[in-house]
Each structure stands twice: as structure tokens, then as C-alpha cells.
Amino acid sequence: MNKANKWLIKTARVMKPILIKILPVGFLRKAKRTIVSNSLKKLWKEGKEPYEANRYPKGINLIGNIKAETGLGQSCRLLASILDNTEYPINIYQYSQLGIQKESDTAYDNRINSELIYDINVIHINPHEMAVAYLDIDKSAWDYRYNIAYWLWELEDFPDEWTSCFNYLDEIWAPSEFICESIRKKTDKPVKCIHYHITAEITKEYARSDFNLPEDKFLYLMMYDHGSCVERKNPMGVIKAFKKAFPKEETKVGLVIKINNASNEDDEIIQDLCREYTNIYLIKETLEKSAVNSLIKCADAVVSLHRAEGFGLVMAEAMLLGTPVIATNWSANTEFMNSDTACMIDYEIATLKKDISLYKAGSRWASPDINQAAMYMRKLHEDKTYYTEISQKAQQYIQKELSLKNAALKSEDRIKEIYYTLENRDYDKEI
């Protein structure tokens, strides 16, 4: 274990609030990537001690940033609720990444434990963060347990530089077959799809006025987090489609862009595209989840002209809330939506000419048809029968297929299989 890197991580965690104020975000992210890169090289040579029965009680340690006000945080909370509904006890270990994230969700505060109690770890930390976690958390956390990673990824190919993470894992879970297929190409370890259950609880009703939005317009909503890669989420495409669908003189419609962790770059891009339009509204506050769900419900339609998705939680939540969705017909969201339940947008496959965030040059993603998206925007606004049919079918599908019961049963069945395999393996050794 590199003691210098371990010390650096501990120091960065303590100094994080100060560093954010005095150093550029770009510099901090570059420094973090350097630590991760060095750590990953070391992990090629390191592994974990194999699972040992009866060393720890049976149960699940869920390790992740369950407090984060991000899509990853929501993913961790959904996984917690799924595991909570199995027959196995669950222990929650809050892991705060070094990134710049708001950690104000308190839903599981009374469940968080600083100890790892049980014999199975479900590690909700994405591969590019896991090397830091491996250095940051004591090695005893990984040894003699069955380690399952729960990963999100958005492209067809899983990066080669992350395959060293397999050395201290026994299994990988992901919320979509799209992700699973990308990982299966790089490992012979079990890779299982444990999909989310979709919930969109509203504990307090918010009206449009609470978001400073007009009551008299048909509103389209696009949501993204700056940390999730602006180019992949593609708000630019949504704005262009809206402008194609409706001239600036048309006052009965509006577009809402909701951004988490907005940067100056976001402001510049959106302000430039929205020039001369007075009916495009920007929301940059970080909202608690019930308010976000209310915002989705307040909108008349949700638009996601993404280039790739590992799941697509906002789309699924909108469907559950009865808000029609316009979405790119590519990647993981196609596993829970089709032309009967959403407005599916055709695309061409584009190859990245340069590295963009985590996505390497030569990778592929979708380039959605802006003209078709504009057509569906008008159709939802003008064809009330179509609007009602799409929203009802979408809601019914999500309620049936992505239920808590289905997700909990699938994860419980897999955990039983794991214990059965481990117990029989140890029995075979004995005889």
C-alpha cells in the first residue's frame, strides 16, 4: 500500500472545503485523476484475501455515497431500499468521494455505521473512483469478504484501464443489461443485472410558482448534472430542438433547463443558445428529491436527447409520474421504454474524435435526430389524445415492471445463489 498516496487522500478529504475555495476545480480534478491513475497501476499487483466463511456474520455492507444529491446518490439510495427488502440484514457505510458533491440527503442518516459488519460488500463506487476508495478505506474492509461492485457506465466498451478493479472483486452488478454487456467483454467474473425499482415520492407538493415558472405555458423539462458530462447529456440538442419546434414569438410553450452543480461553462453555452428567447428558464439550485419529483410532475413533458445512458433515472421517474418523455432511442433507457410508452428519437452513431471527460477518443455514442425531436415536441403539445395515451401506458409499464418487489426478489435470489456457491465450495474443500 502506497503510504504517501494514502496520506494524500486523507489530507485532501480534510482540506476539501478549503481547497475548493482556493484552487481551480480543473486543477483539483486533474490531481485526483493522477492519484487514481497511480493507484490503478498498483492494483494490478494487489488482490484481496479470498472469502472465508463464518469470519463475519451473513449480511450486506452497502458502501457508497448515500448522502450525495446526485444521480449516483439516488442510485445508492435505491439500491439500499432494494436490499432492505430482502431477507438479509443490511449495514450502510457512507463513503464520501473526493469530488465536489453536495451531501445533504438525510434519508439514511440514522442507518449509517462506521463499521463493516457483514460478509458481503456491495460497493456502490464507480470504477474510476474505486482505486481511491481502496487506498482510503482500510484493506481489512475488502479481505475475507465477497465483494460485489455496483457500477454505472454509459458506453458500449468498458475502459481497459479500469480492469485492474476486477482484482479485488468477486462479482459485478449493474442496473441495466447495456452496462452488463460492456463489462462482460472484459471479465469472466459474474456480471448480473439488478435493475432499479422506480419511485418518485412527493412528500411536499410544489407548484410552478415555487420554481418561478409560468402557469400558462406548456413546459418541456431537461435535467442534468454538470458532473455527468454536458456533452453526453446534450442540453444543447434539447435547446436546438425546442427552437426548431417553436419560433421565439410562440408564447404558449416554454423550456426549463435544470442543472445541478452548474459551471460558468454551462451558463455561457446555454445563454448563447437561448439568446432572444424569453421562454427558456434556467434552474441552478440543488433541490431536495421531493422538490425534483414535483418539478418533473409540474412539467408537461421531459426531454432527454442524451448520447448515452447507463440507465436513465429521470426518464423512468417521469414515466412513473405520468409526464411523457421524449428520448434518444439508444443505450440503457431502451430497456424500459419503447414507441408505445415514449417518443423515441432516431439517431446516428458517432465516433468521438477526442477524449471527452471519461470517454475516450474512438468510443461510440448516439447523435439524436434534432428535427424528429422538434416534431415530437409539437405533437405532444398539439395532440392531446396521443399525449394521454403515451403518459398512461408509460406509467402502467413502470409500475408493473420496475417495482420494488421485482427488484428485491431478483437481488435476494442472487444473494442466495452466492451463499449456496460459497458454502458448497467450502464443503468440497473439506472433503
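### As for the pairing of strand 8 (residues 253-260)
Argument step 1. With eight of its eight residues buried, strand 8 lies for the most part within the structure.
Argument step 2. Neither face of strand 8 is exposed, since V253, L255, I257 and I259 on one face and G254, V256, K258 and N260 on the opposite face are all buried.
Argument step 3. In the sheet, strand 7 (residues 218-225) pairs with strand 8 via eight bridges, with the strands oriented parallel. Of the residues in strand 8, the one forming a bridge with Y224 is I259.

### Some thoughts on the sheet that holds strand 6 (residues 191-193)
Argument step 1. With parallel pairing, the six strands of this open sheet are ordered in space as 2-1-3-4-5-6. Bordering the open sheet on either side are strand 2 (90-94) and strand 6, each of which pairs with just one other strand. The average angle at which neighbouring strand axes cross in this sheet is 25°, direction not considered.
Argument step 2. Bridging between strand 5 (residues 171-174) and strand 6 involves three bridges; their strand directions are parallel. Its bridge partner lying in strand 6, I172 is registered against V191.

### Concerning the packing of aromatic side chains
Argument step 1. Per the counting criterion, the structure on display carries 24 aromatic pairs.
Argument step 2. On the basis of an interplanar angle of 35° and a centroid distance of 5.3 Å, the ring pair of W153 and Y359 is categorised as tilted. Residue W153 is located in the loop between strand 4 (146-150) and strand 5, and its partner Y359 is located in the loop between strand 13 (347-351) and strand 14 (364-368); the two are separated by 206 residues in the primary sequence. Across the pair, Y359 and W153 agree in class, each one buried.
Argument step 3. Ring geometry for F218 versus Y387: centroids 6.0 Å apart, planes at 75°, classification edge-to-face. Taken together, the residues span a long stretch of sequence, with F218 in strand 7 and Y387 in helix 12 (residues 384-401) at a distance of 169 residues. With respect to class, F218 is no different from Y387; both count as buried.

What counts as what
- Residues numbered from 1 in each chain as written.
- Predicted model: local features only at pLDDT ≥ 70, side-chain atom pairs only at ≥ 80, totals over all residues.
- Heavy atoms only, no water.
- Buried < 20%, exposed > 50% of the residue type's maximum accessible area, 1.4 Å probe, protein only.
- Helix = DSSP H or I, 4+ residues; strand = E, 2+ residues; numbered from the N terminus.
- Pairing = 2+ DSSP bridges.
- Axes fitted to C-alpha atoms, helices over the stretch in contact; angles between N-to-C directions.
- Phe/Tyr/Trp six-rings, centres within 6.5 Å; stacked < 30°, edge-to-face > 60°.

Note that all results are geometric; they support no functional claim without further evidence.
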